[in-house]
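Structure at a glance
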Amino acid sequence: MKTVLASDPGDERPRCPILFDRAIYSRPDDDHLEDLATAVESLKVDKLDHADSGVDFVVELNGQLVLGQVKRYSGKPRRRQGIHVSPRPRSRRTRFSRLVLVPLFSVTAGMTVGIWWLHNPFWLTAVSTASAVLGQFQVRIAIRAAKSAERPASQLARLSACGLTALAALLAGRRRLAVRDEWRAHLAGESGHDPVTWRKAGEALGFVSSAIQYRLADAAEAAWAPFDAILKSRKLSNLVVFGPTAMAALVILRHEGTVGVLKSAESISAIGGLLYGLIRAGRWWRNVKPPEPKARRAEEQ
Amino acid sequence: MSATKIRLTAVIMDVLDVLTNSPPDSPAWGLRLCEVTGYGTGTVYPALDRLMKAGWIADHWEDPPPADRPPRRFYELTSAGRAAYGEAVAARAARRAAWASWPGLHAGETA
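Treat the numbers as computed from the prediction; the structure is a model and nothing was measured. (Residues numbered from 1 in each chain as written. Chains lettered and ligands numbered in written order. Predicted model: local features only at pLDDT ≥ 70, side-chain atom pairs only at ≥ 80, totals over all residues. Heavy atoms only, no water.)

1. Quick word on the overall build of chain B
Applicable threshold: Starting at the N terminus, helices and strands are each numbered in turn, a helix being any DSSP run of H or I of at least four residues and a strand any DSSP run of E of at least two. Between buried and exposed lies partly exposed: a residue is buried under 20% and exposed over 50% of the maximum accessible area for its type, with that area taken using a 1.4 Å probe on protein chains only. Any two residues having at least one pair of non-hydrogen atoms within 4.5 Å are treated as being in contact. The Shrake-Rupley method, run with a 1.4 Å probe sphere, supplies the accessible areas, and residue values consider only the shown protein chains as cover.
Along its length, chain B carries 5 helices and 3 strands. Reading the helices (α) and strands (β) of chain B from amino to carboxyl end gives α-β-α-α-β-β-α-α. Looking at chain B residue by residue over its 111 residues, the buried ones come to 37%. Considering only intrachain contacts with a sequence separation of at least 6, the fraction spanning at least 24 residues in chain B is 49%. When the accessible area of chain B is evaluated, it comes to approximately 6,000 Å², of which 59% is carbon and sulfur surface.

2. Brief notes about the confidence of the model for chain A
All names here are of chain A. Which entries qualify depends on this criterion: The predictor's confidence in any single residue is recorded as pLDDT, a number from 0 to 100.
For chain A, per-residue confidence averages 70 on the pLDDT scale, and 53% of positions sit at 70 or higher. Taken element by element, the predicted model of chain A shows its lowest mean pLDDT in strand β1 (residues 2-5) (42) and its highest in helix α8 (residues 265-286) (92). Every residue in residues 1-30 is under pLDDT 50, and counting partners more than four places away or in other chains gives 75 contacts. For residues 44-53, every residue scores under 50 in pLDDT, and the model assigns this stretch 21 contacts once sequence neighbours within four places are set aside.

3. As for helix α1 (residues 10-21) of chain B
Residues spaced three or four apart along an α-helix point in a common direction, a consequence of the helix completing one turn every 3.6 residues. All names here are of chain B. This is how the line gets drawn: For a helix, the expected span equals 1.5 Å multiplied by the number of residues minus one.
For α1, with 12 residues, the first-to-last C-alpha span of 16 Å sits near the 16 Å given by 1.5 Å per residue. Those residues of α1 that fall on the buried side of the exposure criterion are V11, I12, M13, V15, L16, V18 and L19. Of the surrounding secondary structure, the elements contacted by the buried residues of α1 are β1 (28-29), α2 (30-37), α3 (41-54), β2 (57-61), β3 (73-77) and α4 (79-100).

4. What to know about the environment of G163 of chain A
Relative to the elements of secondary structure, G163 of chain A occurs in helix α4 (residues 153-172). Once the C-alpha coordinates of G163 of chain A and A201 of chain A are considered, the two residues, 38 residues apart in sequence, prove to be 9.2 Å apart.

5. With respect to the side chain of R283 of chain A
By the element assignment, R283 of chain A lies in helix α8. Excluding its chain neighbours within four sequence positions, the residues that come into contact with R283 of chain A are L231, S233, S237, V288 and P290 of chain A.

6. Comments concerning the nonpolar core
To keep things clear, this is the line we draw: Buried residues of nine kinds, namely Ala, Val, Leu, Ile, Met, Phe, Trp, Tyr and Cys, make up a nonpolar core once their side-chain atoms join them within 4.5 Å.
Membership of the largest hydrophobic core comes to 35 residues, with the highest contact counts inside it found for L16, L19 and L33 of chain B. Listed by contribution, the elements that provide at least two residues to this core are α4, α5 (178-188) and α6 (198-232) of chain A together with α1, α2, α3 and β3 of chain B. Among the elements that line this core, the one with the most residues is α1 of chain B, at 7 residues. Filtering out sequence-adjacent residues up to four positions away, L16 of chain B remains in contact with L8, L51, W56, I57, L77 and Y85 of chain B. Membership of the second largest hydrophobic core comes to 5 residues, among which are V241, L275, I279 and V288 of chain A.

7. Considering the sheet that holds β2 of chain B
Strands pair in a sheet through their backbones, by hydrogen bonds, and they do so in one of two ways: parallel or antiparallel. Residues and elements named next belong to chain B. In plain terms, the rule: Paired strands are those between which DSSP finds at least two bridges. Working convention: axes come from line fits to C-alpha atoms, limited for helices to the stretch in contact. Angles between N-to-C directions cover 0 to 180 degrees.
Judged by pairing direction, the sheet is antiparallel, and its 3 strands sit side by side in the order β1-β3-β2 without closing on themselves. The two strands at the open ends of the sheet, each matched to only one other strand, are β1 and β2. Note: β1 against β3, 2 bridges, orientation antiparallel. Bridged to W29 within β3 is F74. This element, α3, spans β2 and β3 of the sheet and lies at about 110° to β2.

8. Overview of the side chain of S237 of chain A
Residue placement: S237 of chain A occurs in helix α7 (residues 234-263). In contact with S237 of chain A, other than residues within four places in its own chain, are I230, L231, I279 and R283 of chain A.

9. Quick word on a nonpolar patch on the surface
All names here are of chain A. Operational definition: Every patch collects residues that have over 30% relative accessible area and no salt bridge, joining them within 9 Å if they carry like charges and within 5 Å if they are nonpolar side chains (Val, Leu, Ile, Met, Phe, Trp, Tyr). Should a side-chain nitrogen of Lys or Arg be within 4 Å of a carboxyl oxygen of Asp or Glu, the pair is scored as a salt bridge.
Side chains of L171, I212 and L216 sit close together on the surface and give an oily, nonpolar patch of about 260 Å² of accessible area. Here L171 shows up in helix α4. What makes L171 partly exposed here is its relative accessible area of 33%.

10. Things to note about the interface of chain A and chain B
Here is the rule: Summed over both partners, the accessible area (1.4 Å probe) lost when two parts come together is defined as the buried area. Whenever two N or O atoms come within 3.5 Å, that pair is a polar contact, provided that in protein one can donate a hydrogen and the other can accept it, and provided that, for residues adjacent in sequence, both atoms are side-chain atoms.
Opposite the 35 residues of chain A that make contact, chain B presents 25 residues. Summing both sides of the interface, chain A and chain B together bury roughly 2,500 Å²; the carbon and sulfur share of this comes to 51%. When residues of chain A are sorted by the area they lose upon contact with chain B, E182, H186 and E190 of chain A head the list and together hold 25% of the total. Seen at the junction of chain A and chain B, the total is 5 salt bridges. Residues R72 of chain B and E190 of chain A are paired through a salt bridge, measuring 4.0 Å at the closest nitrogen-oxygen approach. There are 13 residue pairs in polar contact (both at pLDDT 80 or more) connecting chain A and chain B.

11. Focus: the packing of aromatic side chains
How we decide: Only rings of Phe, Tyr and Trp enter the pairing, Trp through its six-membered ring, and a pair is recorded when the two centres are within 6.5 Å. The plane angle decides the type: under 30 degrees is stacked, over 60 is edge-to-face, the rest tilted.
A full pass over the atoms with the stated rule returns 6 aromatic pairs over all chains. Aromatic side chains W224 of chain A and F227 of chain A sit 5.8 Å apart centroid to centroid with 70° between the ring planes, which places their arrangement in the edge-to-face category. Taken together, the residues W224 of chain A and F227 of chain A, both in helix α6 and 3 residues apart, mark about one turn of the helix. Among the residues examined, W224 of chain A registers a relative accessible area of 28% and is labelled partly exposed. Residue classification places F227 of chain A among the partly exposed positions, given a relative accessible area of 49%. Note on W284 of chain A and W285 of chain A: the rings are 6.0 Å apart at their centroids and 55° apart in plane angle, and the pair reads as tilted. With relative accessibility at 57%, the residue W284 of chain A sits in the exposed group. Overall, the relative accessible area of 41% leaves W285 of chain A in the partly exposed class. An aromatic cluster is present here, built from W183, F207 and Y214 of chain A together with Y45 of chain B joined pairwise through their rings.

12. As for the pairing of β3 of chain B
Residues and elements named next belong to chain B. Within β3, 4 of the 5 residues are buried, leaving the element largely enclosed by the surrounding structure. Here β2 pairs with β3 via 5 bridges, running antiparallel. The partner of W61 across the bridge, within β3, is R73.

What follows is the structure, encoded as C-alpha cells:
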C-alpha cells in the first residue's frame, strides 16, 4: 500500500477538490477500511494543511486511488474514537434530510407534477417540473447552508462552484459535453490548482448563465429555421410576397369589381411592398442570400 | 441553416482582439480571455460560442492532456475569421467615416 499526503510538496497530484468531485465520495471496500484506517493513522495528520483542499490524503489501495478526509470530532464519536476516514461519517441531521426530507419532497413534487399533467397544458407542466427540480436544489442548498455554520466558508464556496458548474454542464446539454471539462479547467485556474473561493463560485454562476444563453440561442436558431427556408428560396419568397397580395386583390375584385381593385391599388401595393421589405430585411438580418436566377447565372458564366 | 451573422459588439471586438494578439505558442483559453477582456464568464463563453458557430474561430484541446488538471480548450482565429474580421472592421470604419462626413452631424460644424 502506498500512501501519499495531499500536502506533500513532492506530490504532483492535484489538490483542487473540483478535480475530485466524484472520486472524493468513492468508498473503499469495507474489507480494506481497516487497512486504510491504519495507513491514515500512521500519518501525522496534525501537520496536514487541509484548510482549502478538502482532500487530506491520497492512498493507493489495491491499485485504486482513494481520496479521503481526516476529521477529529470533539463531540460523541459515532464510529471510531479519534480519526475517521472516508467514507465520511454523516450527521443525524444529514441522514434525516437525505432519508426523509428529500424523498418526501420528491414524492410531493412528483404528485404535483402528475396532477398538473392531467389538468394542464404541456408548458404549464414543464414550468411546474422545472420549479420542482429547482425546489430540490433549494432543499439541498438549504441543508448545506444550515450545515455551513460548522464548515469553513471555503467548503461552501467549493460546493457552490462544483454544484453550479455541474448544473451548467447539465443545462448546456449533450451537444456541448465539452464545456464541462472546459469550465472545470477554468475553475482550476492558471496554476491548475487554484483554491476555490467565492469569486470562483461567482464565475460558476456565469457558467449557468452561459448555458442558458446557449439553450436560448439554440431555440432561436430552431425557431428561425422555417423562416430561413423561405428567405433562402426565391420561389417561397415570391410566394410570400405575391400570395397575400394576389389574395387581397382577388377579394377586392370579387366584392367591388375591377374599379374597386383600381381604387385600392395603393393598399394592395402597400401589402406587397411591406412583405417584400420584410423579406429583404429578413435576408439582411439572417445573412441569407438566395441563389441567383438561372438566366443571370448562365449569363455570368 | 444560415451562416451566423456576427455583430461587432464591444465584447466580440475585445475577444477577437485578444485572439488576434495571442501568440501561437500560447493560445487564448477561457480564463485568459475573461481576465484580459475583463468580462465575466457569462459574457465571454456565449460570445465564443457565437464566433464558433460563425466559423470565425476554431478550438482545440490541450495536447497532451495534463494528468493533474482538466485539459484546457484553446481558441484560435481561423483564416476565414481573420479575413471576415478585417472586412467587418474596415466596413465599420467606412460607415463611421460616412456618418462623420455627413454635413451638420458634427458639433463643430453646426456651431
